[in-house]
Amino acid sequence: MERAPTRCGYCGRQTVTRAGRCPACGQEKRPPKAMEPPPPPSPWRAARSQLAAAGVTLLLIVTALVIGSQVLLFLAILVLCALAVLLVVANGMS
């Protein structure tokens, strides 16, 4: 029975393991690690970046109101609307 070649961690060649060693360089070849899917992120972890961006935007709105800058206020409202659209699209897709 023919086995599939695996990559040697020492020399980098794709070889069929013989007696647990690479036939090209003689170094021990460890079996490949089992690929398990990572656990799904918690809802708080998934929403953390969006909440942080919304917090920064609200801080920008408060700063614009205190300073009296209409340009900053307009930009902050645009960013807040964009974040709301991204939140709706992200929750609608999953």
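Residues numbered from 1 in each chain as written. Predicted model: local features only at pLDDT ≥ 70, side-chain atom pairs only at ≥ 80, totals over all residues. Heavy atoms only, no water.

## Here's the deal with the confidence of the model for the chain
The predicted model of the chain has a mean per-residue pLDDT of 82, with 95% of residues at 70 or higher. Taken element by element, the predicted model of the chain shows its lowest mean pLDDT in strand 1 (residues 6-7) (82) and its highest in strand 2 (residues 14-15) (86). (pLDDT = per-residue confidence, 0-100. Helix = DSSP H or I, 4+ residues; strand = E, 2+ residues; numbered from the N terminus.)

## What about the state of the cysteines?
Chemically, a disulfide is nothing more than a covalent bond linking the sulfur atoms of two cysteines. For the structure shown, the criterion picks out zero disulfides. No disulfide involves Cys8; its nearest neighbouring cysteine sulfur is the one of Cys25, lying 3.7 Å away. Residue classification places Cys25 among the partly exposed positions, given a relative accessible area of 29%. (Disulfide = S-S within 2.5 Å. Buried < 20%, exposed > 50% of the residue type's maximum accessible area, 1.4 Å probe, protein only.)

## Brief notes about unusual backbone geometry
Within the chain, Ala19 stands out as a residue other than glycine whose phi angle is a positive 55°. Mapped onto the elements, Ala19 comes out in the loop between strand 2 and helix 1 (43-67).

## Some details on helix 1
Look at helix 1: 36 Å from first C-alpha to last across 25 residues, which is about the 36 Å you get at 1.5 Å a residue. The largest bend in helix 1 amounts to roughly 35° and is located at Ser49. Of all the positions in helix 1, only Thr57, Ile61 and Ala64 are classed as buried. Looking at the residues trailing helix 1, positive phi occurs at Gly68, about 90°. (Expected span 1.5 Å × (residues − 1). Bend = angle between axes of the 7 residues up to and from the residue.)

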